[in-house]
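Listed below, chain by chain, are the residues.
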Amino acid sequence: MVEANHILEMKSKTDSLTGLANRESLVLQMRNGINGISGSAEQFSILHIDIDRFKVVNDIHGHDMGDQVLIAIGKVIDETVSADYAEHDYILARIGGDEFGVLLRVNCSDALQILSERLIEAMKQPISIAHFRFYFSITIGVARYPQDGETPEALVKSADIAMNHAKNSHYMAKVALYSDDFISAIIRRNHIEHLLFNAQFSTDFMLYYQPQFSTETGALIGMEALIRWYHIEEGFISPAEFIPTAEAIGMIPDLSTWIFETAMRQMRDWLSKYPKFNASAEASKPIRMGINVSALLFDSVDFLPQLEQHCKSLQVLPMWFDLEITETGALNANIHVENMFNKLSQMGFTISIDDFGTGYSALSYLKRFSVHTVKIAKELIDNIEVDSQDQLIVQAITMMSKGMSLKTIAEGVETVGQFDVLKRLGCDAIQGYYLGKPCAADQFEALYLNQSSAL
Ligand code: C2E
Ligand code: CA
């Protein structure tokens, strides 16, 4: 009887798949810590670990494989934590389908940051099962007792909020320590979500256009279409803020349809009015329009047929357009990106890798992906006049790009000094406030198309 009770008790505390503790057991341990059952009030923390895009494994390989991978991931986490902490100083639990929690008898921010980074590093190693190799990344949210929550429930919630904050961050942060500021960010995001649901594309949004110039000749080589949202009460809301929210609420396909239609119609009208810029009419000054593409669209089977449909119904040619996709977006996209890029390229679009230098920055994959242009991120340009390291990086990017017949364009160029350095480093083209801010279509036309532009 005692034995049976013991087994039942173990079962109620254990996750049957991995043999680790379960969520209830983790919460119980936290409660014990808070109540000072060990003799004195404890200080501890909880790490909420989420496996990014784990769903893909189940979708493609089935749940049996998914289970084996979860067991293997649990082992990697356990090995990494146990390398730094004694057995009685932590408890590892599976707290959800693809989520793990670590209760740690430590609440010093530095130690938590170090452990989180070790875990992120450890997970970069592939997980091998049968003849498959899986690559995962993880996102970690950390909450400390007592400052981030005084009950187990509050702590679990704070760790979850921190994890989601890291996931939504634009800066590829993979770990976040809970802060009360995250709450105001959530309130703001909910507010933007509400405004987006009530927005009318055709009246509330418009596209601005920012010119791009050849560094060598000073000629206009194209423009980037950038969405603008003016809200009566809020004023301008930055796309850097609302595009990620639109992605999160599934609004990107509809919004993109509006963006493609508006941009393509505008380009068609401009090229028929100013044929000297029309590449298909053997123009003396061919230009292209850059359109930002959210990587989420790559997951949709409708994307290519819809793009073809837009070109047909609006009577535009793919060769007039350059599709910009961020470096991280390209690498994180679910389906075979290589395949998608090749198809777009075969259709006649060119492809730019946006914000290059902020993500993985591996130039080698670009050749395989039929990419045409590398857009060097503003972050690398900001201090290029004084920062010799940034100069070296940009020089390496331009040199390697040349070797692979890729074009380079620098973004966010604001001063003549930056322009001069970029010209010296061999960057092909420039976009930035120094030569022109994004502006409405009629203004763009008057400033850059109606006259031959030169530096
Ligand atoms: P991005 O694609 O990297 O666009 C460049 C951003 O840098 C634009 O901000 C542009 O206005 C700004 N910029 C250009 N030159 C300078 C400069 O010299 N100095 C400074 N400080 N900024 C400069 P914007 O328009 O606010 O767009 C932000 C981001 O929102 C874009 O970054 C892009 O990721 C996204 N976005 C904008 N329009 C669209 C769109 O139509 N579709 C999608 N999917 N995303 C968009
Ligand atoms: Ca862009």
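This text goes with the structure placed above it.
Residues numbered from 1 in each chain as written. Chains lettered and ligands numbered in written order. Predicted model: local features only at pLDDT ≥ 70, side-chain atom pairs only at ≥ 80, totals over all residues. Heavy atoms only, no water.

1. A closer look at the overall build of the protein chain
When its secondary structure is counted, the protein chain shows 18 helices and 17 strands. C-alpha extents for the protein chain along the principal axes are approximately 90 × 50 × 45 Å. Across the 455 residues in the protein chain, those meeting the buried criterion constitute 48%. Excluding contacts between residues fewer than 6 apart, the proportion of contacts in the protein chain whose partners are at least 24 apart in sequence is 67%. For the protein chain, the accessible surface area stands at approximately 22,300 Å², while carbon and sulfur atoms represent 52% of it. Computed over 36 positive and 58 negative side-chain charges, the separation of the two mean positions in the protein chain equals 5 Å. (Helix = DSSP H or I, 4+ residues; strand = E, 2+ residues; numbered from the N terminus. Buried < 20%, exposed > 50% of the residue type's maximum accessible area, 1.4 Å probe, protein only. Contact = heavy atoms within 4.5 Å. Areas by Shrake-Rupley, 256 points an atom, 1.4 Å probe, with all protein chains shown as cover. Lys, Arg positive; Asp, Glu negative; His and termini not counted. Charge placed at Lys NZ, Arg CZ, Asp CG, Glu CD.)

2. Focus on the coordination of the calcium ion (ligand 2)
In an ideal octahedron of six donors the angles at the metal are 90 or 180 degrees, and in an ideal tetrahedron of four donors they are 109.5 degrees. Bound to the calcium ion (ligand 2) are the protein donor atoms Glu 224 (OE), Asn 292 (OD1), Glu 324 (OE), Asp 354 (OD) and Asp 354 (OD), situated 2.1 to 3.1 Å from the metal. Considering all six donor atoms around the calcium ion (ligand 2), the spread of angles at the metal, 44 to 178 degrees, places the coordination shape in the irregular class. Summarised as a motif, the one-chain spacing of the donors to the calcium ion (ligand 2) is E-x67-N-x31-E-x29-D. Residue Glu 324 is found in strand β13 (residues 321-326), and its partner Asp 354 is found in strand β14 (residues 350-356); the two are separated by 30 residues along the sequence. (Donors = N, O, S within 2.8 Å, 3.2 Å for Na, K, Ca; no water. Tetrahedral: all angles 85-135°; square planar, octahedral: opposite > 155°, others 65-115°.)

3. Section: the side chain of Glu 324
Using a relative accessible area of 2% as the deciding quantity, one classes Glu 324 as buried. At a separation of 2.8 Å, a polar atom in the side chain of Glu 324 contacts the side chain of Lys 375. Residues contacting Glu 324, with those up to four places away along its chain left out, are Gln 212, Glu 224, Gly 290, Ile 291, Asn 292, Val 293, Ser 352, Asp 354 and Lys 375. (Polar contact = N/O pair within 3.5 Å; in protein donor to acceptor, adjacent residues only side chain to side chain.)

4. So, the site of ligand 1
Residues in contact with ligand 1 amount to 21 residues; listed here are only the nearest, Gln 210, Arg 228, Asp 354, Glu 414 and Tyr 433. Within the contact set of ligand 1, an oxygen atom lies 3.2 Å away from a side-chain nitrogen or oxygen of Glu 224. Interatomic distance of 2.8 Å between a backbone N/O atom of Tyr 433 and an oxygen atom of ligand 1. For ligand 1, whose free accessible area comes to 800 Å², the fraction covered by protein is 82%. When residues of the shell around ligand 1 are traced back to their parent elements, those giving at least two are β10 (220-231), α9 (239-248) and β14. (Near = heavy atom within 4 Å.)

5. A few points about the sheet that holds strand β7 (residues 138-145)
Here six strands make up an open sheet; going across it, the order is β1-β3-β4-β2-β7-β8 and the pairing mixed. Strand pairing shows two members of the sheet lacking a second neighbour, β1 (21-22) and β8 (175-177), which therefore form its edges. The strands touched by helix α5 (residues 109-122) within the sheet are β2 (44-51), β4 (99-104), β7 and β8, with β7 carrying the most contacts at an inclination of about 160 degrees. (Pairing = 2+ DSSP bridges. Axes fitted to C-alpha atoms, helices over the stretch in contact; angles between N-to-C directions.)

6. Re unusual backbone geometry
Note the cis peptide between Tyr 145 and Pro 146, where omega equals 10 degrees. Considering the arrangement of structural elements, one finds Pro 146 in the loop between β7 and α6 (152-168). A positive phi angle, close to 55 degrees, is found at Asp 355, a residue other than glycine. For Asp 355, the location among the structural elements is in strand β14. Residue Asp 355 is classed as partly exposed on the basis of its relative accessible area of 31%.

7. Details of α9
Every buried residue belonging to α9 is among Phe 242, Thr 245 and Ala 246, and all of these are buried. Take α9 and look down its axis: the buried residues cluster within an arc of 105 degrees, on one side only. Considering only its buried residues, α9 is in contact with α7 (181-197), β9 (205-214), β10, β11 (235-237) and α10 (252-273). By the N-cap criterion, in which a side-chain oxygen at the helix start approaches the backbone nitrogen of a residue two or three places on, α9 is capped by Ser 238, the distance to Ala 240 being 3.0 Å. Phi turns positive one or two residues past the end of α9, at Gly 250, with a value near 75 degrees. (Arc of directions from axis to C-beta.)

8. What to know about the environment of Leu 115
Inspection of the secondary structure puts Leu 115 in helix α5. Remark: the alpha-carbon pair of Leu 115 and Leu 195, spanning 80 residues in sequence, is separated by 39 Å. Once residues lying within four places of it in the same chain are set aside, the contact partners of Leu 115 are Leu 47, Thr 80, Val 81, Asp 84, Tyr 85 and Leu 104.

9. Description of the pattern of salt bridges
Within this structure, the stated rule accounts for 17 salt bridges. Between Arg 188 and Glu 234 there is a salt bridge, and its shortest N-O distance comes to 3.2 Å. A residue pair is termed long-range when its members are at least 10 positions apart, and Arg 188 in helix α7 and Glu 234 in the loop between β10 and β11 qualify at 46 residues. With its nearest N and O atoms 2.8 Å apart, the salt bridge here joins Lys 375 to Glu 324. Within this pair, whereas Lys 375 is found in strand β15 (residues 373-376), its partner Glu 324 is found in strand β13, the two being separated by 51 residues in sequence. Among the ionic contacts, a cluster of salt bridges with common partners joins Asp 50, Asp 52, Lys 167 and Lys 174. (Salt bridge = Lys/Arg side-chain N within 4 Å of Asp/Glu carboxyl O.)

10. Focus on the side chain of Ser 352
Mapped onto the secondary structure, Ser 352 falls in strand β14. Setting aside chain neighbours within four positions, we find Ser 352 in contact with Asp 322, Leu 323, Glu 324, Ile 325, Thr 373 and Lys 375.

11. Notes on the environment of Gln 391
Structurally, the position occupied by Gln 391 is in helix α16 (residues 388-403). Sequence separation of Gln 391 and Ile 381 is ten residues, and the distance between their C-alpha atoms is 8.4 Å. Each residue touching Gln 391, except ones within four places of it in the same chain, is listed here: Ile 384, Glu 385, Val 421, Arg 424 and Leu 425.

12. Topic: the packing of aromatic side chains
Aromatic rings considered in pairs are described by the distance between their centres and by the relative angle of their planes. Counted by the stated rule, this structure contains 21 aromatic pairs. Considering the side-chain rings of Tyr 178 and Phe 182, the 6.1 Å spacing of their centres and the 80 degrees angle between planes classify their relative orientation as edge-to-face. Per residue, the accessibility class of Tyr 178 equals that of Phe 182, and both read buried. Taking 5.1 Å as the distance between ring centres and 85 degrees as the angle between the ring planes, the aromatic pair formed by Trp 229 and Phe 242 counts as edge-to-face. (Phe/Tyr/Trp six-rings, centres within 6.5 Å; stacked < 30°, edge-to-face > 60°.)

Interpretation in functional terms is not warranted from these geometric data alone.
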